[in-house]
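Here's the letter readout for the chains.
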Amino acid sequence: MWAMAQNSIFLFFRGKLFADPAKVYRQIAIGVAITAILLVALAAIGAPAWIASPFAAAIGGGLQPYLFRNLRFR
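Here, residues in each chain are numbered from 1, in the same order as that chain's written sequence. Reporting in this predicted model follows two pLDDT cut-offs: at least 70 for local features of residues, and 80 or more for side-chain atom pairs to be given and counted; totals over whole chains, interfaces and linings ignore these cut-offs and use all residues. Remark: hydrogens and water are excluded; side-chain values derive from all non-hydrogen atoms of the structure.

Looking at the secondary structure, you find Gln27 in helix H2 (residues 21–44). Residue exposure (1.4 Å probe, protein chains only): buried if accessible area is under 20% of the type maximum, exposed if over 50%, otherwise partly exposed. With relative accessibility at 11%, the residue Gln27 sits in the buried group. We call two residues in contact when some of their heavy atoms are within 4.5 Å. When residues no more than four places from it in sequence are discounted, the contact partners of Gln27 are Leu67 and Phe68. In DSSP terms, a helix is any run of H or I states spanning at least four residues, a strand is any run of E spanning at least two, and both are numbered starting from the N terminus.

Once that is clear, we can look at the environment of Ile51. Tracing the sequence through the fold places Ile51 in helix H3 (residues 49–67). For Ile51, a relative accessible area of 40% translates into the label partly exposed. With 50 residues separating them in the primary sequence, Ile51 and Met1 have C-alpha atoms 34 Å apart.

In the predicted model, the protein carries a mean pLDDT of 93, and the fraction of residues at 70 or more is 100%. No element of the protein has a lower mean pLDDT than helix H1 (residues 2–14), at 90, and none a higher one than H2, at 95. Confidence scores here are pLDDT values: one per residue, from the predictor, ranging 0 to 100.

To continue, consider H2. An ideal rise of 1.5 Å per residue puts 34 Å on 24 residues; H2 measures up with 34 Å between its terminal C-alpha atoms. Taken together, the buried positions of H2 are occupied by Val24, Gln27, Gly31 and Leu42. On its buried face, H2 is in contact with H1 and H3. Within two residues after H2, Gly46 carries a phi angle of roughly 105°, on the positive side. The span one expects for a helix is its residue count, reduced by one, times 1.5 Å.

Okay, a nonpolar patch on the surface next. Taken together, the side chains of Ile9, Phe10 and Phe13 make up a nonpolar region of the molecular surface, amounting to roughly 340 Å² of accessible area. Checked against the element boundaries, Ile9 lands in helix H1. Look at Ile9 and you get partly exposed, because its relative accessible area is 43%. Put simply, a patch holds well-exposed residues, over 30% relative accessible area, that have no salt bridge, with like charges counted together within 9 Å and Val, Leu, Ile, Met, Phe, Trp or Tyr side chains within 5 Å. Computed with a 1.4 Å probe, the accessible areas rest on the Shrake-Rupley method; for each residue, only the protein chains presented here act as cover. Within this document, salt bridges are pairs made up of a side-chain nitrogen of Lys or Arg and a carboxyl oxygen of Asp or Glu, the two lying within 4 Å of each other.

What follows deals with the environment of Leu11. Its location among the elements puts Leu11 in helix H1. The partly exposed category is assigned to Leu11, whose relative accessible area is 26%. It is 22 Å that separates the C-alpha atoms of Leu11 and Gly61, two residues lying 50 residues apart in sequence. In this view, Leu11 contacts Lys16 and Leu17; residues no more than four positions away in its chain are not counted.

Structural data, given as structure tokens:
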């Protein structure tokens, strides 16, 4: 199992895991941007960092399956 995960990581960073690597990077950037905006917004309304960080991370992480639903592998 570790070898499979390691192989997938190597293929990802070489740009050979997905059929359209640019789309993958764009979807990752969208997820990061939404998470960062949510974190900043929560901090701006006065939420402490120890509450805002896990909440923003949970929402951002929850978006990943939605963002990655149409990605194609090679």
